[in-house]
Each structure stands twice: as C-alpha cells, then as structure tokens.
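# Close look at the chain arrangement
Below, each chain spelled out in residue letters.
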Amino acid sequence: MDFKNYHPFINLIYFICAIWFTLWFNEPVLVAISAFCAFWYSVRAVGIKALRFNLCLMPFVVIGTLGFIWFNHFGVTVLGHNSSGNSITLEALALGFVYCIIIYALVMWIECIFAVITSDKLVYLFGRISPKLSLYFSITLRIFPEILGQWRKIGLARRGLTKSAWPLDLLKRLSACITWSIDRIMSSTVSMKSRGYTLKGRTAYSLYRFDNRDRILVVFVFFCLTIIFAGAALGTNWILYDPEIVMGKLTPVSIAVYVSYFIFLTMPIWLERAIYEGNRNR
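One structure accompanies this document, and this report is about it.

Calculation rules
- Residues numbered from 1 in each chain as written.
- Predicted model: local features only at pLDDT ≥ 70, side-chain atom pairs only at ≥ 80, totals over all residues.
- Heavy atoms only, no water.
- Helix = DSSP H or I, 4+ residues; strand = E, 2+ residues; numbered from the N terminus.
- Buried < 20%, exposed > 50% of the residue type's maximum accessible area, 1.4 Å probe, protein only.
- Contact = heavy atoms within 4.5 Å.
- Phe/Tyr/Trp six-rings, centres within 6.5 Å; stacked < 30°, edge-to-face > 60°.
- Salt bridge = Lys/Arg side-chain N within 4 Å of Asp/Glu carboxyl O.
- Patch = residues over 30% accessible without salt bridge, like charges linked within 9 Å, V, L, I, M, F, W, Y side chains within 5 Å.
- Areas by Shrake-Rupley, 256 points an atom, 1.4 Å probe, with all protein chains shown as cover.
- Core = buried A, V, L, I, M, F, W, Y, C linked by side-chain atoms within 4.5 Å.
- Axes fitted to C-alpha atoms, helices over the stretch in contact; angles between N-to-C directions.
- Parallel < 35°, antiparallel > 145°, perpendicular 65-115°, else oblique.
- Nonpolar A, V, L, I, M, F, W, Y, C, P; charged D, E, K, R; others polar.
- Expected span 1.5 Å × (residues − 1).
- Pairing = 2+ DSSP bridges.
- Left-handed = near helix turned anticlockwise from the far one by under 90°.

This part covers the overall build of the protein chain. Helix and strand counts for the protein chain stand at ten helices and four strands. Here the protein chain holds 282 residues, and the buried ones make up 35% of them. Pairs at least 24 residues apart make up 69% of the contacts formed inside the protein chain by residues separated by at least 6 positions.

Here's what the structure looks like:
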C-alpha cells in the first residue's frame, strides 16, 4: 500500500518527525541525509515540477551561505577577508552552509506535505478536535487553486475583449480576483453552516480505518524513532562550530542512528517501491 493510502495519523507523525529532526539536527551527515531524502521524496511525490523547483532553490543556498559568512566572523580558521576587513572563517562557512541546507530541506518537506496530506485528511485529523479549525483548513487549501484558476479565466476573458493595457489590466484582474474570492469564501461559509457543520455532536464521515498494515508500520516507525532518540540522548551525533569544528567520533551507535534516520526518511519511497515490485511480479 502506498504511503499516501496509510492512515492520516501515520502521515502526520511521519512529517512532524521529519520536520522536527530537520530543524533539530545540525550534524552534517544527518543534515545531508534529510536534504537528500526530502529531494528524492518530493520528486517522487510531486514529479517534474518539484525537480525544477528544487533545482531553482539551489542558487539561494549559495547566496545564503555567502551572506552568512559576510556578517558572521567567528572561528579560528581564517580563509580570507572581505571588503570591510572582517575575517572569513571556515567555521562560519560550514555553519552557514548547514543552516541553508536545513532551510532547503524544510522547503522540500513542505512540498511533500502538500502532496500527501490532502484537505480530506486535514478534515479527518482536526474534525474531532475542532470542527471549525478543520473547516478553515479545508476552505483555505481549496481556495488557492481556485483563485489561480479564476485569475487565468479573467485574463483570457479580458484578452478576448482586447483589454490588456499594462499595468491597468493587472490591477483590474487583481480587483476581480479579490472580489470573487471574498464572495466564494462567504458562500462556502453559509453553505457549511446551513448543513449544520458547527452544531455540537456532529460527526464526520470518513473512509479511514486503522488496520493491521497501519499497526505494523507504526511499530516499525517507533522502532526507528527509538534508535534516533537514544542516539541523540547519548550525544553520539554532535558537533561544535565555534570556536572550531569538533565532531563526535564515529561509533556503532552513531552509525545505527545514521542508518535508522535514512530508513525512516525514505520509508514512503521503499513502500512505494515494494508495491511496484509486488504488482510487477503478479
């Protein structure tokens, strides 16, 4: 079964942990694993659009790193000096590059979230906790694609009327889109209220069931998370950047953390691969 078809709670736990670990770890190997897995999974989940977007983000990693070393001058290994006479150090270069890769990986994980966690899953996850919150989530996720579609329709209509003066055309299209989106949100709100969406005790229909496959995957997920948290608690995968770069030694525990972290982040990919191999062998 594809990872998208697993229970929404499993999807939620996976992405919460993936983003949390991406922001938490600053050890180069773990950062590289997170960025590589996020790149791989985003391309598999979204397609060629994600590949183009990820490649377009790479120059910003270089720009961000250069900006970081321009304003930060800690460290003892001097590589040179900038135009202001301040030192450019290896430690600042390494930390700036790691921070930019973390942000790069975070953006790619957000791509994956939008591809996997759909509006119906958000309604299911938050409907029991707060029906109003789930309603706002579903309306927000649906309104943005509709606004883009309406923007194109207005442009085509104005082009058919031969009214395309710039920048007046842009302002009129924007005004029409804002008016339409406000009317669309109000009509959706009134429609949901008339159906009794905000009444107390209202239940939501859902096709999601927690079956044996979900239970097996949850056990495996928590097994990997236990190894990762144990390694972090023992301090096996640590690094210092100031005043000099000092890394922890490579031990069997740190290797186990690397392997578990890689397996956990690539879990949706090898689940999809297992489905493909199973269907091909039939």
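Taken as a whole and assessed by the stated rule, the structure comprises 21 aromatic pairs. Between F21 and W24, the aromatic rings sit 6.4 Å apart at their centres with planes inclined by 25°, giving stacked as the arrangement. On the criterion of helical spacing, the pair formed by F21 and W24 is a turn pair, its members being three residues apart in helix α1 (residues 8-24). Taking the relative accessible area as the measure of exposure, W24 reaches 39% and is therefore partly exposed. Consider the rings of F21 and Y261, whose centres lie 5.9 Å apart with planes at 75°: the pair is edge-to-face. One end of the pair, F21, is in helix α1; the other, Y261, is in helix α9 (residues 252-265), with 240 residues separating them in the sequence.

The next thing to look at is the pattern of salt bridges. Close approach of charged atoms allows side chains with opposite charge to pair. Within the structure shown, the criterion is met by one salt bridge. Between R184 and E146 there is a salt bridge whose closest N-O contact spans 3.2 Å. Of the two residues, R184 sits in helix α7 (residues 168-194) while E146 sits in helix α6 (residues 131-160), which places them 38 residues apart along the sequence.

This part takes up a nonpolar patch on the surface. There is a patch of nonpolar side chains on the surface, built from F36, W40, L250, I255, V259, F262, I263 and W270 and spanning about 720 Å² of accessible area. Of all elements in the fold, only α2 (28-46) and α9 reach the threshold of two or more residues within the nonpolar patch. Looking at the nonpolar patch, the element that brings in the most residues is α9, giving four residues.

This part takes up the nonpolar core. If you look at the biggest cluster of nonpolar residues, it comprises 53 residues, and the most contacted ones within it are F3, Y14, F15, Y41, W109, F264 and L265. Secondary-structure elements contributing two or more residues to this core are α1, α2, α3 (48-71), α4 (90-116), α8 (212-234), α9 and α10 (267-281). Among the elements that make up this core, the one with the highest residue count is α4 (twelve residues). Non-local contacts of F264, meaning those with residues more than four positions away in its chain, are made with Y14, C17, A18, F21, V221, C224, L225 and I228.

The next thing to look at is the packing of α1 against α4. Where α1 meets α4, the closest approach of the two axes is 9 Å, and the angle between their N-to-C directions is 170°. In terms of their interaxial angle, α1 and α4 are classed as roughly antiparallel. Residues N11, Y14, F15, A18, I19, T22 and L23 of α1 lie in contact with α4, whose contacting residues are I102, A105, L106, W109, C112, I113 and V116. Split by residue class, the contact of α1 with α4 holds twelve nonpolar, two polar and no charged.

Quick look at α9 now. Along an α-helix, residues three or four positions apart point the same way, because every turn accommodates 3.6 residues. Between its first and last C-alpha atoms α9 spans 20 Å; for 14 residues at 1.5 Å apiece the expected length is 20 Å, and the two agree. For α9, the complete set of buried residues consists of S254, V257, Y258, S260, Y261, F264 and L265.

Looking now at the pairing of strand β1 (residues 78-81). Strand direction decides the pairing type here: β1 and strand β2 (residues 87-89), joined by three bridges, are antiparallel. Paired with H81 across the two strands is S87, which belongs to β2. Hairpin remark: β1 followed by β2, antiparallel, with five residues in the connecting loop; positive phi at G85, about 90°.

Below, the discussion takes up the packing of α2 against α4. The packing of two helices is summarised by the inter-axis angle and the distance between the axes. Relative to each other, α2 and α4 sit at 30°, their axes nearing to 8 Å. As far as their axial angle goes, α4 and α2 are roughly parallel. Crossing handedness for the pair α2 and α4: left-handed. Where α2 abuts α4, its residues V31, S34, A35, C37, A38, F39, Y41, S42, A45 and V46 lie against V98, I101, I102, Y104, A105, M108, W109, E111, C112, A115 and V116. Counted by class, the contact of α2 with α4 contains 18 nonpolar, two polar and one charged residues.

Shape is all these values report; function is a separate question.
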